[in-house]
Amino acid sequence: MNIKKEFKMLSSNLIYLDNAATTFKPNIVLKEMNKYYTKYCANAHRGDYKISHIVNDLIDDSRKEVAKFINSNTNEIIFTSGTTESINIVVSSFFSNILKKGDEILTTKAEHSSLLLPLFELAKKNKLKIKYITIDKNNHVTLDNIKKEITSKTKLIALAHITNVLGDIRPVKEIGNYASKHNIYTLIDAAQSIGHIKVDIKDTNIDFMAFSAHKMYGPTGIGILFGKEKLLEKLGPYKYGGDMNASYDSNMNIEYKNIPTRLEAGTQNIVGIIGLNAAIKYINKIGIEQIYNHDKELRTYLVDKLKKIDNIKIYNPNEKTGIVTFNIDKVFCQDVAVYLDKKNVCIRAGSHCAKILHEIIKDKNTCRVSIGIYNTKKDIDILIKALENKNILKESL
Amino acid sequence: MDNNIRRDIIIDNYENPFNKGLIDDKNYKKTNMNNESCIDNLDFIIKLENNIIKDIRFDGQACAISTSASSIMIKTLINKTKEEALEIITNYENMIDEKPYNKDLLNELNVYDEIYKQPNRKKCALLPFWGIKKLLK
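Below or above, wherever it landed, is the structure these notes cover.

Criteria and cut-off values
Every residue gets a number counted from 1 within its own chain, in the order that chain's sequence is written. Going through the entries in the order they are written, you letter the chains from A and number the ligands from 1. Since the coordinates come from a predicted model, pLDDT governs what is reported: local features require at least 70, and pairs of side-chain atoms require 80 or more to be given and counted, while whole-chain, interface and lining totals use all residues. Only heavy atoms go into the side-chain values, all of them from the structure, while hydrogens and water stay out. Pairing between two strands requires that DSSP report at least two bridges joining them. Helix and strand assignments come from DSSP, with helices taken as H or I runs of at least 4 residues and strands as E runs of at least 2, each series counted from the N terminus. Interaxial angles span 0 to 180 degrees and are taken between N-to-C directions of axes, which are lines fitted to C-alpha atoms, for helices over the stretch in contact. In this analysis, two residues are considered to be in contact whenever any of their non-hydrogen atoms come within 4.5 Å of each other. Centre distance within 6.5 Å is the pairing criterion for rings of Phe, Tyr and Trp, where only the six-membered ring of Trp is used; planes under 30 degrees apart are then read as stacked, over 60 as edge-to-face, and the remainder as tilted. Per-residue accessibility, obtained with a 1.4 Å probe over protein chains only, is compared with the maximum for each type, and a residue is labelled buried under 20%, exposed over 50%, and partly exposed between these values. The criterion for a charge sitting over a ring is simple: Lys NZ or Arg CZ within 6 Å of the ring centre, and within 35 degrees of the ring normal. Buried area, as used here, totals the accessible surface that two parts lose on assembly, with accessibility defined by a 1.4 Å probe and the loss added over both. A pair is scored as a salt bridge if a Lys or Arg side-chain nitrogen falls within 4 Å of a carboxyl oxygen belonging to Asp or Glu. Think of a polar contact as two N or O atoms within 3.5 Å of one another; within protein, one of them needs to be a possible hydrogen donor and the other a possible acceptor, and neighboring residues in sequence only count if both atoms come from side chains. Residue classes follow a fixed rule: Ala, Val, Leu, Ile, Met, Phe, Trp, Tyr, Cys and Pro count as nonpolar, while Asp, Glu, Lys and Arg count as charged, and any other residue, Gly among them, counts as polar. Each residue after the first adds 1.5 Å to the expected span of a helix. Nonpolar cores are built from buried Ala, Val, Leu, Ile, Met, Phe, Trp, Tyr and Cys residues. Side-chain atoms within 4.5 Å join them into one set. Roughly parallel means an angle under 35 degrees; roughly antiparallel, over 145; roughly perpendicular, 65 to 115; everything else is oblique. Crossing handedness is read from the near helix: turned anticlockwise from the far helix by less than a right angle, it gives a left-handed crossing, and turned clockwise, a right-handed one.

Time to look at the sheet that holds strand E11 (residues 312-314) of chain A. Sheets are built from strands that pair by backbone hydrogen bonding, the pairs being arranged parallel or antiparallel. All names here are of chain A. Taken in spatial order, the four strands make up an open sheet running E11-E12-E15-E14, and their pairing is antiparallel. A single partner strand is all that each edge strand has here, and the edge strands are E11 and strand E14 (348-350). Taking each pair of neighbouring strands and ignoring which way they run, the sheet shows an average axis angle of 30°. Examined bridge by bridge, strand E12 (residues 323-328) and strand E15 (residues 366-370) share four bridges and lie antiparallel to one another. Following the sheet pairing, Ile323 is matched in E15 by Ser370. Packed on one face of the sheet, helix H11 (residues 333-342) meets E12, E14 and E15 and runs near 160° to E14.

Here is the structure:
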């Protein structure tokens, strides 16, 4: 798969390996977004003129495309600003009303701040208990380990589908179906899985799922909250304003519209919604299976080569996703990243917003390579050649 | 300054940092410094007696620039009065920000006189100084 020419950002010699942070946008996505601003730059739903109807149709079409992509119903798709907002909405406008003092939430120490912090705040406010699922020796979550933590008070299991540092794939289908049978809610952060692995919401039986467009070749500022219809009916509204109300009068008798509109007050991120639609179509054109296999093949190629370099510790050599995390002995990860930047190679260093993961992997900061669809074996060769240098520390200065 | 000498001094102070490791002594004042733009996370403690800096120590996780700058800063500031230390810090900040500064006051800290060429490293070089400034105020 060599599709670099389909990305303007890759027209220079940049080797971009930070795709878990954000992905570059294919030209087709940019073109569709540009069309909004240059051909039909209108608001939706509010004009009896052609270009407004075009926009209306594009929003509807995008929602249908997202629903088809994850196999949900169309009215179960809420447009948000991204994963973080999606999780915050469901935690503060659904779980805050449902979970009561003493109730338990199961999660892990490997989660991103965007999942843990909303849960922590809710736990403090509603006096809930956060319980951490034991991670097995491979740093994996298993249904057996989840079952060991479940009590009559367990009300929610909240996890990433694929974690953003270790890149392990969680058994969401087993978890979703088990939880559903035992009246436990499930909330899945799919930021790292969407666009990399097939996500079938009906098959997994997950209650809520969140993801962002910008990690799947779409624009920033747009994301999705999926919720099962019967649950979304009980959610919010969490914001009030235009478009989400059916009618109201001076005596404050208010009638709100149905989901999903009820949960999308105000003018939407229209260009983002259009970009997300184009990104999904782009992914579908390549094929999600092919993307998954590409990531897996390239990460295996990378890990095999990394293993041959002295003094490198790989934290997740046996995973199947495009996220590979490592450290070089005696060189701080940030110095490695700064050194690689001088070679025109972009990787990420730090805790990657998983700030309690060190309680599992024993190191606070790591280097992370994350693969995208445009990366090639040649990119990996350039990275490896740079990492084989014995003077990384000196050359980082 | 020759680039190799500059790098050698930085690496030497990164690999063998001066006064790294905290001590539990209530005569010291403590602060934590996080670098907003990167991942450096350092604690600093300082002991002042009669307006003179008697000791500074630091600990934490940080890059080569932050760690070495902490080490060299501590060597430079110990035994200075509070006012002398603040003057050194001001001149150092000016150097990093490409403003006029007194080179003679900075001694070994002059190794960072080209950090401005790497804007993403400027905060790393400044972090320890902001910590001490906080403790001196």
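Residues and elements named next belong to chain A. This model, assessed by the stated rule, comprises 16 aromatic pairs over all chains. Considering the side-chain rings of Phe7 and Tyr374, the 4.7 Å spacing of their centres and the 75° angle between planes classify their relative orientation as edge-to-face. Taken together, the positions of Phe7 in the segment before strand E1 (15-16) and Tyr374 in the loop between E15 and helix H13 (377-387) put the pair 367 residues apart, joining distant regions of the chain. Per residue, the accessibility class of Phe7 equals that of Tyr374, and both read buried. By way of ring pairs, the aromatic residues Phe7, Tyr16, Phe24, Tyr217, Tyr282 and Tyr374 are connected into one cluster. When the ring centre of Tyr132 is taken as origin, the NZ or CZ atom of Lys109, which lies over that ring, is 5.4 Å away.

Counting from both sides, the interface comprises 18 residues of chain A and, opposite them, 19 residues of chain B. Around 1,500 Å² of area is buried between chain A and chain B when both sides are counted, 56% of it from carbon and sulfur atoms. Scanning the region where chain A abuts chain B turns up two salt bridges. One salt bridge in this structure joins Arg121 of chain B and Asp335 of chain A, with 2.8 Å as the shortest N-O distance. For the pair chain A and chain B, the number of links is seven residue pairs in polar contact (both at pLDDT 80 or more). For the side of chain A that touches chain B, the elements supplying multiple residues, two or more each, are H11, E14 and helix H14 (392-396) of chain A. Top contributing element to the side of chain A that touches chain B by residue count: H11 of chain A, with five residues. When grouped by side-chain class, the residues that make up the side of chain A that touches chain B number seven nonpolar, five polar and six charged.

Now for helix H3 (residues 82-96) of chain B. Residues and elements named next belong to chain B. End to end, H3 covers 21 Å across 15 residues, agreeing with the expected 21 Å (1.5 Å per residue, within 8%). For H3, the elements touching its buried residues are strand E3 (52-61), helix H2 (64-77) and helix H4 (119-136). Positive backbone phi, at 60°, marks Glu98, one or two positions downstream of H3.

Attention now moves to helix H4 (residues 113-126) of chain A. An α-helical turn contains 3.6 residues, so a residue and the one three or four places further along point in the same direction. Residue and element names in this part refer to chain A. For H4, built from 14 residues, the straight-helix expectation of 20 Å at 1.5 Å per residue is met to within 8% by its first-to-last C-alpha distance of 19 Å. Where H4 is concerned, the buried positions are Ser113, Ser114, Leu115, Leu116, Pro118, Leu119, Leu122, Ala123 and Asn126. Residues of H4 that are buried in the fold lie against helix H3 (83-98), strand E3 (104-107), strand E4 (129-132), strand E5 (154-160) and strand E6 (185-189). Just downstream of H4, Lys127 is the residue with a positive phi angle, here 55°.

Below, the discussion takes up the side chain of Thr83 of chain A. Relative to the assigned elements, Thr83 of chain A resides in helix H3. Once residues within four sequence positions are removed from consideration, Thr83 of chain A is found in contact with Asp189, Ala191, Ala210, Phe211 and Ser212 of chain A.

Moving on: the nonpolar core. Residues Leu306, Ile347 and Leu387 of chain A together with Tyr92, Tyr112 and Ile132 of chain B are the most contacted members of the largest nonpolar core, which totals 74 residues. When residues in this core are grouped by element, the largest group, eight residues, is from H4 of chain B. Beyond its immediate chain neighbours, meaning those up to four positions away, Leu306 of chain A contacts Ile312, Ile314, Val324, Phe326, Ile384 and Leu387 of chain A.

Residues and elements named next belong to chain A. Gly236 connects to Pro237 through a cis peptide bond whose omega is 5°. Along the chain, the position of Pro237 falls in the loop between helix H8 (229-232) and strand E9 (245-248). The peptide bond linking Ile259 to Pro260 adopts the cis configuration, its omega dihedral lying at 0°. Phi at His352 takes a positive value of approximately 55°, unusual for a residue other than glycine.

All names here are of chain A. A large share of strand E8 (residues 223-227) lies buried, amounting to five of its five residues. Side chains of E8 alternate between two faces, with Gly223, Leu225 and Gly227 and Ile224 and Phe226 buried alike. Taken together, the four bridges between strand E2 (residues 77-80) and E8 define a ladder with antiparallel strand orientation. Paired with Phe79 across the bridge in E8 is Ile224. Bridging between strand E7 (residues 208-212) and E8 involves five bridges; their strand directions are antiparallel.

As a further point, take the packing of helix H1 (residues 27-39) of chain A against helix H9 (residues 270-286) of chain A. Residue and element names in this part refer to chain A. As a packed pair, H1 and H9 sit with axes 8 Å apart at the nearest point and diverge in direction by 150°. Overall, the two elements H1 and H9 adopt an arrangement that is roughly antiparallel. Considering only the axes of H1 and H9, their crossing is right-handed. Between H1 and H9, the contacting residues are Ile28, Val29, Glu32, Met33, Tyr36 and Tyr37 on the first element and Ile270, Val271, Ile274, Gly275, Ala278, Ala279 and Tyr282 on the second.

On to the sheet that holds E8 of chain A, then. All names here are of chain A. In space, the seven strands of this open sheet follow the order E2-E8-E7-E6-E5-E3-E4, with mixed pairing throughout. Each edge of the open sheet carries a strand with a single partner, namely E2 and E4. On average, adjacent strands in this sheet sit at an angle of 20° to one another, irrespective of strand direction. Where helix H6 (residues 172-181) meets the sheet, it contacts E5 and E6, and its direction lies at approximately 155° from that of E6.

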